[in-house]
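Topology and contacts: notes
Spelled out from the first residue to the last, the chains are:
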Amino acid sequence: MKNMLAIVIPFYKAIFFRETLNSLVSQTNKKFKVYIGNDASPDSIDELVKEYSDYLELSYTCYENNLGHKSLVSHWKRCLALIKQEAWFMILCDDDILSPNYVESFYNNINKIEQSNSKVIRYSSILISDTGEEISEPYKHPVIENSIDSYVRKAKGFTRSSLSEYVFKNDIDDVNKVFIDFPNAYYSDDLSILLASNFGDIYSINEAFFYFRRGNYNLSGVNSDVVKGKKAEFLFYKYLFKNYSNLISPKQKQIFLFRLNRQVVFNKSFEVYRFALKEQFKIFDIKGILYLPLLILKKGLWRKQ
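Keep in mind it's a predicted model, so treat the numbers as computed, not measured.

Focus: the overall build of the protein
The helix and strand tally for the protein stands at 10 helices and nine strands. Across the 305 residues of the protein, 54% fall into the buried class. Put simply, 77% of the contacts in the protein that link residues at least 6 apart link residues at least 24 apart. As presented, the protein carries roughly 14,700 Å² of accessible surface, and 52% of it is formed by carbon and sulfur atoms.

So this is what it looks like as structure tokens:
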């Protein structure tokens with residue numbers, strides 16, 4: 001269907017799911033289809049789905065095996081396989097919320113999006129608590145921004161990003177080459193945005209908002225796994241440098257390698273150190289080459305406690 005939008009929800013927890021569905025019912029433009037993939041959740045939502053089927057064009061699939069426990073990305077991909085003919089899709093978490101003009105803004109901008117040849121669309125976002133209270137100012141973005149430049153802003157701490165505020169063009173030949181599995185899916189979203197955009201431009205919509213719930217129930221909140229997060233960060237950069245080094249400038253590489261240097265200090269990981277040092281020699285980053293040895297000597301970081 002030309003320009004039709006698919007909203008794909010990899011479902012597992014029900015605690016905020018009614019609020020998520022309410023935000024879809026509240027859309028001022030209903031030209032979208034909802035695909036829900038239940039990851040063998042212990043929470044029963046059959047009646048809830050039946051209730052909202054009266055208000056939404058909705059497809060519901062309940063899987064027998066809990067795939068997300070082992071690989072969240074694998075669950076995303078089987079949910080994406082549910083999409084029929086829609087030309088664009090988004091992956092919406094089961095606890096997040098869309099502003100009422102979210103879909104309307106998509107269609108209001110679709111001509112400009114197509115003219116820009118962007119394959120990835122990004123919305124402004126606001127953080128909310130478990131109670132729905134806004135806990136951040138809106139994160140807004142340049143209307144047109146290169147995807148690597150966008151990630152650099154995130155790496156520097158100037159913005160935030162998560163999978164659900166993005167809409168992707170549904171022309172991906174192989175989802176396995178776009179959605180790469182890292183521990184707990186940390187950094188899998190960042191990589192998918194780069195790959196789906198072909199390292200090209202992202203088109204941003206700032207007049208509608210995605211509300212990201214940061215609280216006690218999601219992997220990016222208080223339940224985040226720091227060890228897995230650091231492992232995923234290393235794998236993410238390793239994947240980028242190995243496969244797309246020619247698309248990353250030396251200056252951008254320095255920024256990424258500095259993040260890995262900080263991880264070495266945190267984890268005391270020789271594997272990460274060897275990788276970062278090797279890449280710094282390639283771009284002749286003297287500051288980066290000397291940073292860690294000097295810090296180690298100064299603070300005695302490798303001494304036995």
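Details of helix α3 (residues 72–80)
Side chains three or four residues apart in an α-helix point the same way, a direct result of the helix having 3.6 residues per turn. α3 sits mainly inside the fold: seven of its nine residues count as buried. Within α3 the residues assigned to the buried category are Val 73, His 75, Trp 76, Lys 77, Arg 78, Cys 79 and Leu 80. Looking at the buried side of α3, the elements it contacts are β1 (5–11), β2 (32–38), β4 (88–91) and α6 (188–196).

Examining the packing of aromatic side chains
Counted under the stated rule, the structure contains 19 aromatic pairs. Between Tyr 102 and Tyr 123 the ring centres are 3.6 Å apart and the planes differ by 15°, which places this aromatic pair in the stacked class. Taken together, the residues Tyr 102 in helix α4 (residues 102–116) and Tyr 123 in strand β6 (residues 120–128) connect sequence positions 21 residues apart. Given a relative accessible area of 0%, Tyr 102 falls into the buried group. Using a relative accessible area of 0% as the deciding quantity, one classes Tyr 123 as buried.

Description of the pairing of β6
Two faces, one strand: in a regular strand the side chains alternate between the faces of the sheet. Counting buried positions along β6 yields nine of nine residues, so the element is predominantly enclosed. In this sheet, strand β8 (residues 166–169) lies alongside β6 in antiparallel orientation, the contact comprising three bridges. When the sheet's bridge partners are listed, Arg 122 is paired in β8 with Tyr 166. The sheet contact formed by β6 and strand β9 (residues 201–213) spans nine bridges and is parallel.

Observations regarding empty space enclosed by the protein
In the structure shown here, the tally under the stated rule is one cavity of 30 Å³ or more. A volume near 90 Å³ is recorded for the largest cavity. Among the secondary structure elements, those contributing two or more residues to the lining of the largest cavity are α5 (147–155) and α6. Looking at side-chain class alone, the lining of the largest cavity contains five nonpolar, five polar and four charged residues.

Here's the deal with the nonpolar core
Counting 53 residues, the largest nonpolar core has Phe 89, Phe 179, Phe 236 and Tyr 237 as the members making the most contacts within it. Sort the elements by how many residues they give to this core and helix α7 (residues 226–244) lands first, with six residues. Those residues within four positions of Phe 179 in sequence are excluded, and the remaining contacts are Val 73, Trp 76, Lys 77, Leu 80, Phe 89, Ile 91, Leu 163, Ile 172 and Ser 192. Ranked by size, the runner-up nonpolar core spans 36 residues in total, among them Ile 45, Ile 110, Leu 127 and Val 167.

Some details on the pattern of salt bridges
What the rule picks out here adds up to 13 salt bridges. Residues Asp 94 and Lys 13 are paired through a salt bridge, measuring 3.1 Å at the closest nitrogen-oxygen approach. Of this pair, Asp 94 sits in the loop between β4 and β5 (97–98) while Lys 13 is found in the loop between β1 and α1 (17–25), placing the two residues 81 residues apart along the sequence. Between Asp 39 and Arg 78 there is a salt bridge, and its shortest N-O distance comes to 2.6 Å. With Asp 39 in the loop between β2 and α2 (46–52) and Arg 78 in helix α3, this pair connects stretches of sequence that are 39 residues apart. When its relative accessible area of 16% is taken as the criterion, Arg 78 is described as buried. Salt bridges sharing common partners tie together Lys 13, Asp 94 and Asp 95.

Structural notes on the environment of Gln 254
As for its position among the elements, Gln 254 is in helix α8 (residues 250–267). The class of Gln 254 is partly exposed, set by a relative accessible area of 33%. What Gln 254 contacts, discounting residues up to four positions off in sequence, is Ile 283 and Asp 285.

Side note on the environment of Tyr 60
Relative to the elements of secondary structure, Tyr 60 occurs in strand β3 (residues 58–62). For Tyr 60, a relative accessible area of 26% puts it in the partly exposed group. Each C-alpha atom of the pair Tyr 60 and Gly 37 lies 6.3 Å from the other, and the pair is 23 residues apart in sequence. If we ignore the near neighbours within four places in the chain, the residues touching Tyr 60 are Ile 36, Asn 38, Ile 45, Asp 46 and Val 49. Within polar-contact distance, the side chain of Tyr 60 engages the side chain of Asp 46 at 3.4 Å.

Focus on the pairing of β3
Sheet topology places β2 next to β3; five bridges connect them, and they run parallel. When the bridges of β3 are listed, Val 34 appears paired with Leu 58. For the handedness criterion, the β-α-β arrangement of β2, α2 and β3 is classed as right-handed.

What counts, and where the lines are drawn
- Within any chain, residue numbers begin from 1 and follow the written order of that chain's sequence.
- Under the rules for a predicted model, residues below a pLDDT of 70 receive no local features and side-chain atom pairs below 80 are neither given nor counted, while totals for whole chains, interfaces and linings still include all residues.
- Side-chain calculation: all heavy atoms of the structure are included, whereas hydrogens and water are not.
- Labels follow the DSSP assignment, with helices taken as runs of H or I lasting at least four residues and strands as runs of E lasting at least two, numbered in each case from the N terminus.
- Throughout this description, buried means an accessible area under 20% of the type-specific maximum (1.4 Å probe, protein chains only), exposed means over 50%, and partly exposed covers the range between.
- Contact criterion: two residues are considered in contact whenever any of their non-hydrogen atoms come within 4.5 Å of each other.
- Throughout, the Shrake-Rupley method with a 1.4 Å probe supplies accessible areas, and for residues the shown protein chains are the sole cover considered.
- A pair of Phe, Tyr and Trp rings is counted when the ring centres sit within 6.5 Å of each other, with Trp represented by its six-membered ring. The angle between the planes then sorts it: under 30 degrees is stacked, over 60 is edge-to-face, the rest tilted.
- Here, strands pair whenever DSSP counts at least two bridges between them.
- A cavity, in this analysis, means grid points on a 1 Å lattice covering only the protein atoms where a 1.4 Å probe fits yet has no way out; a pocket is instead an open set bounded by protein on both sides within 12 Å along at least five of seven lines, and a residue lines either one if it has an atom within 4 Å of a point.
- Grid points are joined across faces, edges and corners, and a volume is the space filled by probe spheres set on the points.
- Side-chain classes are defined by residue name, with Ala, Val, Leu, Ile, Met, Phe, Trp, Tyr, Cys and Pro counting as nonpolar, Asp, Glu, Lys and Arg as charged, and the others, Gly among them, as polar.
- The set of buried Ala, Val, Leu, Ile, Met, Phe, Trp, Tyr and Cys residues whose side-chain atoms join them within 4.5 Å is what this entry labels a nonpolar core.
- By convention in these notes, a salt bridge is any Lys or Arg side-chain nitrogen within 4 Å of a carboxyl oxygen on Asp or Glu.
- In protein, a polar contact requires one atom able to donate a hydrogen and another able to accept it; more generally it is a pair of N or O atoms within 3.5 Å, and residues adjacent in sequence count only if both atoms are side-chain atoms.
- Looking down the strands as they point away from you, a crossover is right-handed if its path from the first strand over the helix to the second goes clockwise.

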